[in-house]
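Examining the three-dimensional arrangement
The chain contents come next:
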Amino acid sequence: MAAECAIDGCAVLAIGRCRECGRAFCMSHQAHNEVTGAGYAALCIQCLQRRRRVTGGGDARAEARDVAEREWVTSGQASLDLYAAGVAPVPVVERRSRFVKQRLGRPREEIDELEVGALWVIGRFEWTEMQEIPETRAWTTGLLAHPSGGYPVTMVARAVARCKVTDGLATLIRDAPYGDSWTQLERREIPRIAAAVRSLIAASPAR
């Protein structure tokens, strides 16, 4: 017989069992990574909340402040506030190559730079590359002016991206051919990102 969710007497068909409390949980009571949105295979939502309280998440005022900062970024208000403060974003370009036929000889390769968006460079923040042996390192990170699908986004990791900046132009760093799906922003960097954006606004001459 299939297990049923044991969280709060839910009794919906379970999809996993929590390694900490041993109870079966359903999709609604599965813990999720706050940054990536990915579900934890063996952790229920109540044990995740208990972990946060033990590590200092019980400070209601600090938690409310963190939630407000995340919403400020994910709603797109941070982007609007940067525009209002007169902070100009850096153009994001993609380099695309094409081959042009020649009358004589081989086709000539031409590289075009197409502007595909804009971002504000906000500093270096830690991202973890989820390989066989995960590696965490600091990457230059930008707040996207127009993320895929537009604002609001579901999480801070959708509003920011790793990038390189050369001669006033930014290029996004992706884990080709999978996009950024295998590289995750560290959760502890979220308040630092919000603080960095506020510092950009505060330093603007238009303020």
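Up top is the structure.
Residues numbered from 1 in each chain as written. Predicted model: local features only at pLDDT ≥ 70, side-chain atom pairs only at ≥ 80, totals over all residues. Heavy atoms only, no water.

1. A few points about the environment of C5
Looking at the element boundaries, C5 is found in the segment before β1 (16-17). Residue C5 is classed as buried on the basis of its relative accessible area of 4%. For the pair formed by C5 and G16, sequence separation is 11 residues and the distance between their alpha carbons is 8.6 Å. When residues no more than four places from it in sequence are discounted, the contact partners of C5 are C10, A11, V12, A14, A24, F25, C26 and H29. (Helix = DSSP H or I, 4+ residues; strand = E, 2+ residues; numbered from the N terminus. Buried < 20%, exposed > 50% of the residue type's maximum accessible area, 1.4 Å probe, protein only. Contact = heavy atoms within 4.5 Å.)

2. So, the nonpolar core
One finds V73, I122, L143 and V197 to be the most contacted residues of the largest nonpolar core, which totals 28 residues. Where this core is concerned, the elements lending two or more residues are α2 (60-74), α3 (77-84), β6 (108-129), β7 (135-144), α4 (156-159) and α5 (190-203). Considering every element that reaches this core, the biggest residue donor is α5, with six residues. Not counting the four nearest positions on each side in its chain, L143 is found in contact with V73, A78, S79, L82, A118, L119, W120, I122, Y151, A159, V160 and V197. In terms of nonpolar packing, the next biggest core, distinct from the first, is built from 10 residues, C5, L43, C44 and L48 among them. (Core = buried A, V, L, I, M, F, W, Y, C linked by side-chain atoms within 4.5 Å.)

3. Looking at α3
An α-helix turns once per 3.6 residues; consequently, residues spaced three or four apart project the same way. Every buried residue belonging to α3 is among A78, S79 and L82, and all of these are buried. Buried residues of α3, seen end-on, are gathered within an arc of 100° and therefore sit on one face of the element. Exposed side of α3, more than 90 degrees from the buried face: L80 and A84 are the residues found there. Immediately downstream of α3, the backbone of G86 shows phi near 80°, a positive value. (Arc of directions from axis to C-beta.)

Everything listed here is a matter of geometry and, on its own, says nothing about what the molecule does.
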